[in-house]
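Structure at a glance
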Amino acid sequence: MKSTSLSSAYVVYNDKQITKELKEYDSKIDDWEEKVKYYEDFYYKENTKSYTQAYDTVGMYKLLTDWYKYAMKADSLEQIPNAKGRTTDEARKKHAPEIHRTMSDLIRGG
């Protein structure tokens, strides 16, 4: 069996392609994590303002749902097995406490 752009010699699966895709997933997870952090910080900043002045409740609800959406996307990307066939739950452990803490805001807003 000859080596190709997708796989090494004597390999049944496309190991080169899988390695490339896994590296792309890692960078995608980092991108989604940045978005999660942005929305989390922005939500808390806006939520703090809500105690002292009038605020847009629909806007706050949208911020919260966007934050959750990005956290779930980061979590789902981490559930794709790596080269060793393992998954990780770092995003879930990282974001679950904050999501749990703000869940009542989501319920009241929806």
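Residues numbered from 1 in each chain as written. Predicted model: local features only at pLDDT ≥ 70, side-chain atom pairs only at ≥ 80, totals over all residues. Heavy atoms only, no water.

**Brief notes about the packing of aromatic side chains**
Note the following rule: Under the pairing criterion, centres of Phe, Tyr and Trp rings, with the six-membered ring standing for Trp, must be within 6.5 Å; the plane angle then separates stacked pairs below 30 degrees from edge-to-face pairs above 60, leaving the rest tilted. Labels follow the DSSP assignment, with helices taken as runs of H or I lasting at least four residues and strands as runs of E lasting at least two, numbered in each case from the N terminus. Here the term buried applies to any residue with accessible area under 20% of the maximum for its type, exposed to any over 50%, and partly exposed to those in between, with areas from a 1.4 Å probe on protein chains only. In this analysis the charged atom, NZ for Lys or CZ for Arg, is taken to sit over a ring once it is within 6 Å of the ring centre and within 35 degrees of the ring normal.
If you walk through the whole model with that rule in mind, you get 8 aromatic pairs. Residues Y38 and F42 carry aromatic rings whose centres are separated by 5.9 Å and whose planes lie at 5° to one another, so their mutual orientation is stacked. Placement of both Y38 and F42 in helix α1 (residues 15–49) is noted, with a separation of 4 residues, approximately one turn of the helix. Judged by its relative accessible area of 48%, Y38 is partly exposed. Judged by its relative accessible area of 27%, F42 falls in the partly exposed class. When the centroid spacing of 5.6 Å and the interplanar angle of 65° are considered together, the rings of Y43 and Y44 count as edge-to-face. You can call Y44 partly exposed: its relative accessible area is 24%. Among the aromatic residues, those joined into a cluster by ring pairs are W32, Y38, Y39, F42 and Y70. For the cation-ring pair, K35 lies above W32, with the distance from its terminal atom to the ring centre recorded as 4.5 Å. In this structure, K69 is placed above the aromatic ring of Y70, and the distance from its NZ or CZ to the ring centre is 5.1 Å.

**A word on the packing of helix α2 (residues 57–78) against helix α3 (residues 90–109)**
The cut-off we apply is this: Axes here mean lines fitted to C-alpha atoms, for a helix over just the part in contact, with angles spanning 0 to 180 degrees between N-to-C directions. When describing relative orientation, an angle under 35 degrees is termed roughly parallel and one over 145 degrees roughly antiparallel, while 65 to 115 degrees is termed roughly perpendicular and anything else oblique. Should the near helix be turned anticlockwise from the far one by less than a right angle, the crossing is termed left-handed; should it be turned clockwise, right-handed. Residues count as neighbours in contact if any of their non-hydrogen atoms are within 4.5 Å of one another. Under the convention adopted here, Pro, Cys and the residues Ala, Val, Leu, Ile, Met, Phe, Trp and Tyr are nonpolar, Asp, Glu, Lys and Arg are charged, and Gly plus all remaining residues are polar.
As a packed pair, α2 and α3 sit with axes 10 Å apart at the nearest point and diverge in direction by 155°. In this view, α2 runs roughly antiparallel relative to α3, as classed from their interaxial angle. Considering only the axes of α2 and α3, their crossing is left-handed. Of the residues in α3, those touching α2 at Y61, L64, T65, W67, Y68, A71, A74, D75 and E78 are E90, A91, R92, H95, E98, I99, T102, M103, D105, L106 and G109. Its residues placed into classes, the contact of α2 with α3 shows 10 nonpolar, 4 polar and 6 charged.

**Quick notes on α2**
Short version of the rule: Any helix carries an expected span of 1.5 Å times its number of residues minus one. Whenever a nitrogen or oxygen atom comes within 3.5 Å of another N or O atom, the pair is scored as a polar contact, on the condition that within protein one atom can donate a hydrogen and the other can accept it, and that pairs from neighbouring residues in sequence are kept only if both atoms are in side chains.
Taking 1.5 Å of rise per residue, 22 residues should cover 32 Å, and α2 covers 32 Å from first to last C-alpha, within 8% of that figure. Of all the residues in α2, the buried ones are M60, L63, L64, D66, W67, Y68, Y70, A71, A74, D75, L77 and E78. For α2, the N-terminal cap is D56; the gap from its side-chain oxygen to the backbone nitrogen of V58 is 3.2 Å.

Such coordinate-based values are descriptive only and should not be taken to indicate function.
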